Structure formats: structure tokens, C-alpha cells
Amino acid sequence: MRKVTEQRDLYAYHWSLRLVARILFCVCFTVPTVAENENTPTGTGATFQTEGTLTARGEILHYQAIAQETLLPANQELPVAQYFSFTYLKKSQSKTNRPVTFLFNGGPGSASHWLHLGGLGPKQIPISKNGQQSPSTIENSESLLGVTDLVFIDPVGTGFSTAAPQTGETNLTSAQIQTRKFWGVVEDTRSVTDFILAWLQQQDRMKSPVYLVGESYGALRATLIADELERKHQLSVKGLVLLSAAQNYRNIRTPDGSVMGYMSYFPTYAATAWHHKKAGQNHTSLENFLAEARHFAANSYATALIKGNRLSQNEKTIIADKISYYTGLSSSYILDNDIRIKPLAFLKQILSEHTQKISRLDSRHSGSNEHPTTEIYGIDPYANNIREPFTNAVQTYLNGVLNVPLQKGAYITTARTLPYWHWNWNVWGEGNVPSGARFINVMPNLDRTLASNPRLKVFVGAGYYDLATPFYSIENAFSELKNRQGRIAIHHYSAGHIIYLDDLARQQLLNDINAFIISDMSNN
């Protein structure tokens, strides 16, 4: 035991060196503690505790905020990891039956700051309709803290979370190399699962109801974590909240020969055209127009895509005219593209007469098309508006509200994971061959978890103007489940990929999630 303890203390020492390089001064730094029981091989590092008060849904909430490092040990597959998380605990509350919700964003490679300060934590960064933010945070009166404790997780490589150097090494290059060992579907799932288990053990919350909230790739991660917890750790998740879910990548890719990809994007093209007054103006509501677009996509359009060059020219012209009716694109452009309109091409074409392009994250927003004569898309106009101000506001919040002293740029909001990410997954989460040869599909994992955990309920949120994970791609993915639709609730919002950055949609979303948890807990 002494040898194990000394080894962990060495890792903790390396981590203290790394933290000092990132933090200006920390009066509350504590040496990581190592449990005496070898079955609990985790410790805590630097901890920053503050208290706050929030009025949410008419209730005055007193809470404790904990920004903390958690040291996870080496195992046969992964090196030592230092996770950094942000925990909000409601005070004067019995913990046994109080839910705890773990939240993370996607990417892969995104920190949790979008969910944390975009709308689900006790504080939020106010955002205007054009995507501009205030540099300071305000009270979030719709926060979920009234119904559940909250833990925002930054996966390894994001935020302050990273891997430790190998024993005997202290340089940052070594840590960066080790960090990449966590960048894979399987590795990421297992390491975040390990963190969740460590947090529950350290906080004596193993009996608390557990909810997972994941956005985009984070929804895929949440699905796999629920499966991992159920099968390998005998811990049943109470509920999943999947936002802008990337559950079946076949539905959000448009390679040659694709049918599901083009079909799944189509209703969002229609929603976008409707918003920009390019189509559907004879319909009294967006929902009615989209009901028609869904039907066309699943029937006439899908059939035409399957027939391919077996379509007669007359048939192809009829289909092109119908596509034009729903999307606002010209029939000639559609025919020139063989009735297959790729997402980035649509983003550039729909407002091309104004030399404008629209945002993939929220197709209601547009900006200058800096490459009007090429296929290059360039910078997303909405993402460009929100990224830097949001990042700056996060740094200010961590330092000024949570009392986490840090150097400028120390909190990594986006890791450059994609060149190194291992898509090493199959239908059962092991091996090196993705399901369907090229595309990840975690719906079989969700189906298996639903079968083994009869109490599990799933909340799904989708934005009408999301061209990253289109709402119809989500509907199509969940149609794969085997007769379990009574436990799945899909909610639609007039929003883009990051639903809660639209103020009205955020209020609706949080009211819906709040009601979901209350109803789920009452039916325990």
C-alpha cells in the first residue's frame, strides 16, 4: 500500500507543478488525498469553494459551488487523469433522494462551459438575438438547481482537465501526449464514467438518483456512459437528457450513395427557407409546413434517391420542382446537383443573391459569404459571433465568481481533438470497427440499456434550425428503438444547435427538463 501511495503522491506532485503553471495564486490548494482503501483509488486536488443564493421558479436557493480537481488512477488502458469539474449543491437538503445531474458538452473536444453558463447552471451569460454577449453573468432564474444538484464535467484535454506526465517527467509535452490517449470513443466513455463513479463515491452519493445531460457528441457520450454504468458497474441511470443528439452518424453525413443523410437534412432546409421567406409562405405555421416536408422526404424524395440514375428525366424534373418548393432553391440548381444538396452547399446557396451565407449552428443567422465563387464555406457567422465573447466571459466568471485564479487563456474551451480522435467503436463498444463500417450508431446501446433498466426515461431536445444535428436525423435515429417509444419524449424548439442560447427556447427547454425530472422522480 505504501508503494501505491507514494506513486499517487508522485502523480499529485506532477499535477501541482502543472497547476502552478496555470494558476496565479491559490490559497486554498490542498495536497491530493489518497484513500486508505485500495478499492477507492482516487483523490482530490485543488479545491475552490464559494457559496451563492439563487431565486429559481419562486424559490430562494442557497447553494455551495465547488470547483475541484479529481485525480483518477492509471489502469491497464489509460494513464493518470486529472479531471476538473464544477459542482453546485443545494444546501439544507437531504442528499439520499436528491438527484445529481452530470452535464457535458460535445465536440468531441468541447469543455462544458456552454451548458455551464449558457443556461443550465445557476448563472448565465445573457445573449442577444444576434449572438452578442455581456461580459458578466446574471442569475439564471430557470436553473435546474431547484430539482437536482449539478456537476459540469470537462473531459480530458478541455478546461483544466488533462493527463499527467509519465512517472519521472514533468514537462507539458509529455502531458499533452498522454492526454491524446483519452481521445477516442471508447477511451472517452470509460474515463468520464470513472470520473462519475469517483465523484459519487467521494460525495457519498452512490444511492442518489443519477441523470446525465449531454449535448451533440455529448449526447452520444451520455448514451454510452449509461450503457457502461448499467453493464459494468450495476448502476442504473434514472434519466437521460439528450440535446441536439448525434446518435446515428449515418443520418448526419452525406457521402456518395447516401439516402438517410439527404433525407434527414431536408426538413431543416425547409425550416430555414421558411424562416428566410424563401418557401412555405402559404402555410399558417412552421409545424404544418414541416409535416409536409417530412412526408415528402420520407416518401417521394427517398424513393428518388434510391432509384438514382434509374429516374427518367421527367421524374427527376418533377422531384426537382418539389425540392425547390420546399427549399427555395432553383430547380436548375437542384438538377445541376443531381437532386442531392449537401448541407454546406445549401448554407451558401439559399441567400446567394445577397452574397450571404447562413450559419450551420443556427440557420436563422447569416453573414457575409467571403468565398462566393468557390465551394469553400469558411467561418460560421453565428459561431464567430459567440465564441470569443463567450470564452472571455467564462474566464471572468471562473476568476471573479468562483475564485479560481487563472492565467489568461488557461481554461481550454476547445481542444484540437479531431486529428487525434479514435473512432474505435462498434455496436457493443469494443474493438476497432465502427458499426455500419463507417458510421457510429449508439441506438443499439440505448435500446439495450432501456431493456435492462425498465425505469430509465429519455428526454430529447432538438432545434428546428440546427444544421449540425438536424431534428429529422434525431427523429429517424429514435425510430430505430424496439417498441420503447413510450419512454422517449422528443421536444422541438425554435432554435439552432445550441438550443439554450435562444432566450425563449432556453426558458421552454429548462421548463421542460424541470418537469421531466419532477415527473420522473414522482413516479419512482
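Look up: the structure comes first, before these words.
This report concerns the structure included in the present document. (Residues numbered from 1 in each chain as written. Predicted model: local features only at pLDDT ≥ 70, side-chain atom pairs only at ≥ 80, totals over all residues. Heavy atoms only, no water.)

So, the overall build of the protein
Across its full length, the protein carries 14 helices and 14 strands. Within the protein, the fraction of its 524 residues that count as buried is 58%. Long-range contacts, defined here as pairs at least 24 residues apart, represent 68% of the contacts in the protein between residues at least 6 apart. As displayed, the protein offers around 21400 Å² of accessible surface, 50% of which is attributable to carbon and sulfur atoms. (Helix = DSSP H or I, 4+ residues; strand = E, 2+ residues; numbered from the N terminus. Buried < 20%, exposed > 50% of the residue type's maximum accessible area, 1.4 Å probe, protein only. Contact = heavy atoms within 4.5 Å. Areas by Shrake-Rupley, 256 points an atom, 1.4 Å probe, with all protein chains shown as cover.)

A look at the pattern of salt bridges
Across all of its chains, the model carries 21 salt bridges by this definition. Residues Arg506 and Glu142 are paired through a salt bridge, measuring 2.9 Å at the closest nitrogen-oxygen approach. Here Arg506 is found in helix α14 (residues 503-522), whereas its partner Glu142 is found in the loop between β6 (138-139) and β7 (149-154), with 364 residues between them in sequence. With a relative accessible area of 15%, Glu142 lands in the buried category. Glu228 is the salt-bridge partner of Arg190, the closest N and O atoms lying 3.9 Å from each other. With Arg190 in helix α4 (residues 185-202) and Glu228 in helix α5 (residues 217-232), this pair connects stretches of sequence that are 38 residues apart. Just as Arg190 is buried, Glu228 falls in that class too. Through salt bridges that share partners, Arg98, Asp149 and Arg205 make up one connected network. (Salt bridge = Lys/Arg side-chain N within 4 Å of Asp/Glu carboxyl O.)

With respect to the packing of helix α6 (residues 260-275) against helix α13 (residues 471-478)
Their axes nearest at 6 Å, the elements α6 and α13 cross at an angle of 130°. When the interaxial angle is binned, α6 and α13 end up oblique. Contacts between α6 and α13 involve Met260, Met263, Ser264, Pro267 and Thr268 from the former and Phe471, Tyr472, Ser473 and Asn476 from the latter. Of the residues contributing to the contact of α6 with α13, the split by class is five nonpolar, four polar and no charged. (Axes fitted to C-alpha atoms, helices over the stretch in contact; angles between N-to-C directions. Parallel < 35°, antiparallel > 145°, perpendicular 65-115°, else oblique. Nonpolar A, V, L, I, M, F, W, Y, C, P; charged D, E, K, R; others polar.)

Observations regarding the environment of Leu235
With respect to the secondary-structure elements, Leu235 resides in the loop between α5 and β10 (239-243). Note on Leu235: relative accessible area 10%, which makes it buried. In this structure, the C-alpha to C-alpha distance between Leu235 and Pro209, residues 26 residues apart in sequence, is 9.8 Å.

Let's talk about the packing of aromatic side chains
Taken as a whole and judged by the stated rule, the model has 28 aromatic pairs. Taking 6.4 Å as the distance between ring centres and 75° as the angle between the ring planes, the aromatic pair formed by Phe289 and Tyr325 counts as edge-to-face. Taken as a pair, Phe289 in helix α7 (residues 286-307) and Tyr325 in helix α8 (residues 313-327) lie far apart in primary sequence, 36 residues in all. For Tyr325, a relative accessible area of 32% translates into the label partly exposed. Through a chain of ring-to-ring contacts, the aromatic side chains of Phe266, Phe289, Phe296, Tyr301, Tyr325 and Tyr326 assemble into a single cluster. Above the face of the Tyr325 ring, Lys322 is positioned so that its terminal group lies 5.2 Å from the ring centre. (Phe/Tyr/Trp six-rings, centres within 6.5 Å; stacked < 30°, edge-to-face > 60°. Lys NZ or Arg CZ within 6 Å of the ring centre and 35° of its normal.)

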